[in-house]
Amino acid sequence: MKSLFSQHLSRLQNVVQDLLEKAFLDGLWIYSGKAKNLFLDDQTAPFKINPYFNYFFPYPQAENCWLFLDGKNKPTIYFYAPEDYWVSIPKVPTEAFFATEFEWVSLKSETEIAKFIQNPTACAFIGEDSLLANSLGFSKINPQKLLNILNFERSIKSEFEIESIYQAQFSALKGHQAAKEAFFTGKSEFEINLEYLKATQQSDLNVPYGNIMAINQNGSILHYTALDFDAETKRHSFLIDAGTTINGYASDLTRTYAFDSSSEFAELVAKMEQFKLEIIADLSIGINYLHYHTRMQQLISQLLAEHQFIHLPAEQIFEEGMSRTFFPHGLGHFLGIQVHDVAGFQQNARGSHKAPPEVYPSLRCTRDLQENMVLTIEPGFYFIDMLLNSWKNSAHSSAFNWQKIEEFKRFGGIRTEDNIVMRATGAENLTAKAELNVRK
């Protein structure tokens, strides 16, 4: 990791030097942020690091810390390490693989940073706390032109970032296996989640996103995080969507299981898995992401016709928009420091925005695929009352096999998700690669 990070930071130093010269600025100050107090309370919400800070300094526990960069000299990390007996203080990572890339200054109090910030009006500030920035004398706070450049850079991953995301596959796969076993041995959603956290050595406070552990019809709720305690309900299906992080970079994996491996639902799960792999095999540099999302909608239409959920040809199902009822979200998204990473709609470093088409409002990427983009591919197939009801009084209502659809509602839905990186020759499936290495 050490040499990969050195290359990563060297690239970013060049980016910073260029953007500072173009903006006639002397430097860039990035604040990592601090945990926010809950309303009328002395407790705080879980700390989430400023992703721009993590981009340069891969240590997501760095609360109340600062970075100064000028693109020419070694970046300086102002690491907040107070003496405190009320809360645990993160260990100063001076022995970490990235440590020698920075000059280190220790801060014992939050206000101490003020004496190090010289001529703030000639520098830019990046961080959420604009009131703090103002109090320290900054006038250029989160300049949009600067953020556009950084966001566009973040959409093309360095080999350090790709390796971090790849390493995050292994712990997630270990957790997924533990959760799968817990489901088939009869444990509740709550208990399954505990098994996942135990296997991945995470807590609910530091997972990259809220774990989805959905049994039966709960799988039709796309971001289901309620965690039922009931272990007695007859089980039909299990959908797990959960990941882990390495160096602040996330994995984001989803699998669906049929309790009865001989059921038609199990056949649907297998076909969705195959659809996902077909799309991944077809991914190519220079092709717009919308093309692949559209192709998946066509495959879903084919599934609806073949399994007689709708008594119409697949082509008509697609053209009438019926497939969108069963696959209402996007094919996937950028993945990185943020699970839904930045610049999915940003077409260039200037910040040109291309919105998703009206028929696919949940699509999270409208970019042409480029080398070293990291994305998720996560097709879904669901039985959602809210969406199905809109067809019941339509001219096409009689084409829907309502009796069969009603029977399948108990399964909730299917989603399967892998993490891929675009290479010059096509997509490299990081999830499949990790699964293969686990089996060896």
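Here is what the cut-offs are and how they apply
- Residue positions are given per chain, counting from 1 as you read along its sequence in written order.
- Only residues with pLDDT of at least 70 get local features here, since the model is predicted, and only at 80 or more are side-chain atom pairs given and counted; chain-wide, interface and lining totals rely on the full set of residues.
- To get the side-chain values, all heavy atoms of the structure are used, and hydrogens and water are removed first.
- The numbering of helices and of strands both runs from the N terminus, where a helix is a DSSP run of H or I of at least 4 residues and a strand a run of E of at least 2.
- As defined in this context, the radius of gyration uses C-alpha atoms, and a globule is described by 2.2 Å times the residue total to the power 0.38.
- Note on classification: 1.4 Å probe, protein chains only; a residue is buried when its accessible area is under 20% of the maximum for its type, exposed when over 50%, partly exposed between these limits.
- Two residues form a contact once any of their heavy atoms are found within 4.5 Å.
- For the accessible areas, the method is Shrake-Rupley and the probe is 1.4 Å, while residue cover comes only from the protein chains on display.
- Positive charges come from Lys and Arg, negative ones from Asp and Glu, while His and the chain ends are left out of the count.
- Where a charge sits is defined by one atom per residue type, namely NZ (Lys), CZ (Arg), CG (Asp) or CD (Glu).
- UniProt positions are given in the numbering used here, feature names are shortened, and annotations may be inferred rather than shown by experiment.
- Strand pairing is assigned whenever DSSP detects at least two bridges linking the two strands.
- The angle between two axes is taken between their N-to-C directions and runs from 0 to 180 degrees, where each axis is a line fitted to C-alpha atoms and a helix contributes only its stretch in contact.
- A helix's residues, less one, multiplied by 1.5 Å, set its expected span.
- As used here, the arc belongs to the directions running from the helix axis to the C-beta atoms.
- Like charges are joined within 9 Å and nonpolar side chains (Val, Leu, Ile, Met, Phe, Trp, Tyr) within 5 Å, but only among residues with over 30% relative accessible area and no salt bridge; these make up the patches.
- What counts as a salt bridge is simple: a side-chain nitrogen of Lys or Arg found within 4 Å of a carboxyl oxygen of Asp or Glu.
- Here the limits of each domain have been adopted from an automatic or database domain assignment.
- Take the accessible area each of two parts loses on contact, using a 1.4 Å probe, and add the two losses: that sum is the buried area.
- Polar contact criterion, stated in full: a pair of N or O atoms within 3.5 Å, where within protein one must be able to donate a hydrogen and the other to accept it, and residues adjacent in sequence count only if both atoms are side-chain atoms.

Hey, could you run me through the overall build of the protein in this one?
Secondary structure summary: the protein contains 13 helices and 16 strands in total. Against the globule reference of 22 Å for 440 residues, the protein gives a C-alpha radius of gyration of 24 Å, in line with a compact fold. For the protein, the C-alpha atoms occupy an extent of roughly 70 × 50 × 45 Å along the three principal directions. Considering the protein as a whole, with its 440 residues, one finds that 53% of them fall into the buried category. Long-range pairs, those at least 24 residues apart, make up 71% of the contacts in the protein between residues at least 6 apart in sequence. For the protein, the computed accessible surface area is about 20,100 Å², with 52% contributed by carbon and sulfur atoms. Within the protein, the 52 negative side-chain charges are centred at a point lying 3 Å from the centre of the 39 positive side-chain charges.

Looking at this model, I keep getting lost on the UniProt feature "binding site: Mn(2+) 1" (unreviewed entry) in the protein. Mind explaining?
Under the present numbering, the feature "binding site: Mn(2+) 1" (unreviewed entry) in UniProt falls on Asp252, His333, Glu378 and Glu417. Across 166 residues, the annotated set stays spatially compact, with a maximum C-alpha separation of 10.8 Å. Its location among the elements puts aspartate 252 in the loop between strand S10 (249-250) and strand S11 (253-258). Filtering out sequence-adjacent residues up to four positions away, aspartate 252 remains in contact with Tyr209, Asp241, His333, Leu335, Val339, Thr376, Glu378, Glu417 and Asn419. Looking at where histidine 333 falls in the secondary structure, it is placed in the loop between helix H10 (323-326) and strand S12 (374-377).

Would you take a moment to explain the sheet that holds strand S15 (residues 418-423) for this structure?
Paired through backbone hydrogen bonds, the strands of a sheet run either parallel or antiparallel to each other. Pairing in this open sheet of 3 strands is antiparallel, and the strands run S12-S15-S16 from one edge to the other. Looking along the sheet, the strands with just one partner apiece sit at the ends: S12 and strand S16 (426-429). Ignoring strand direction, the axes of neighbouring strands in this sheet form an average angle of 40°. Sheet topology places S12 next to S15; 4 bridges connect them, and they run antiparallel.

Whenever I open this one, helix H6 (residues 189-200) confuses me. Can you help?
Along its 12 residues, H6 runs 17 Å from first to last C-alpha, staying within 8% of the 16 Å computed at 1.5 Å per residue. Among all positions of H6, only Glu189, Ile192, Asn193, Tyr196, Leu197, Ala199 and Thr200 are buried. An end-on view of H6 places all buried positions within 165° of arc, on one side of the element. Lining the buried residues of H6 we find helix H5 (159-184), strand S7 (212-215) and strand S8 (237-242). Glutamine 201 lies just past H6 and shows a positive phi near 55°.

Could you clarify how one ought to interpret the UniProt feature "domain: Peptidase M24" (unreviewed entry) in the protein in this entry?
With numbering matched to this structure, UniProt assigns "domain: Peptidase M24" (unreviewed entry) to residues 167-423. The span residues 167-423 shows a helical share of 36% and a strand share of 14%, and its end C-alpha atoms are spaced 18 Å apart.

I keep staring at a nonpolar patch on the surface and nothing clicks. Help me out?
A cluster of nonpolar side chains, Tyr85, Trp86, Val87 and Ile89, forms an exposed patch at the surface whose accessible area comes to about 560 Å². Along the chain, the position of valine 87 falls in the loop between strand S3 (76-80) and strand S4 (103-107).

Help me understand the pattern of salt bridges, please; the structure alone is not making it clear to me.
Working definition: two side chains of opposite charge can pair if their charged atoms are close together. If you walk through the whole model with that rule in mind, you get 22 salt bridges. Residue arginine 255 is joined to aspartate 418 by a salt bridge in which the shortest nitrogen-to-oxygen separation is 2.9 Å. Taken together, the residues arginine 255 in strand S11 and aspartate 418 in strand S15 connect sequence positions 163 residues apart. Of the two residues, arginine 255 and aspartate 418, both sit in the buried class. With a closest N to O distance of 2.9 Å, lysine 276 and aspartate 418 form a salt bridge.

Can you walk me through the domain arrangement of the protein in this structure?
By a widespread convention, an interface's size corresponds to the accessible area lost as its parts come together. Domain boundaries in the protein define domain 1 (1-142) and domain 2 (159-439). Centre-to-centre, using C-alpha coordinates, domain 1 lies 35 Å away from domain 2. The interface of domain 1 with domain 2 comprises 13 residues on the first partner and 13 residues on the second. Between domain 1 and domain 2, roughly 1,100 Å² of surface is buried when both sides are summed, and carbon and sulfur atoms account for 68% of that area. Considering only the surface of domain 1 that becomes buried against domain 2, Met1, Leu4 and Pro51 emerge as the three largest contributors, covering 37% of it.

I would appreciate a short explanation of the environment of glutamate 110 in the present structure.
Structurally, glutamate 110 can be placed in the loop between S4 and strand S5 (123-126). The class for glutamate 110 is partly exposed, based on a relative accessible area of 37%. Sequence separation of glutamate 110 and tyrosine 80 is 30 residues, and the distance between their C-alpha atoms is 7.3 Å. Setting aside residues no more than four positions away along its own chain, glutamate 110 makes contact with Lys34, Asn64 and Tyr80. Within polar-contact distance, the side chain of glutamate 110 engages the side chain of asparagine 64 at 3.4 Å.

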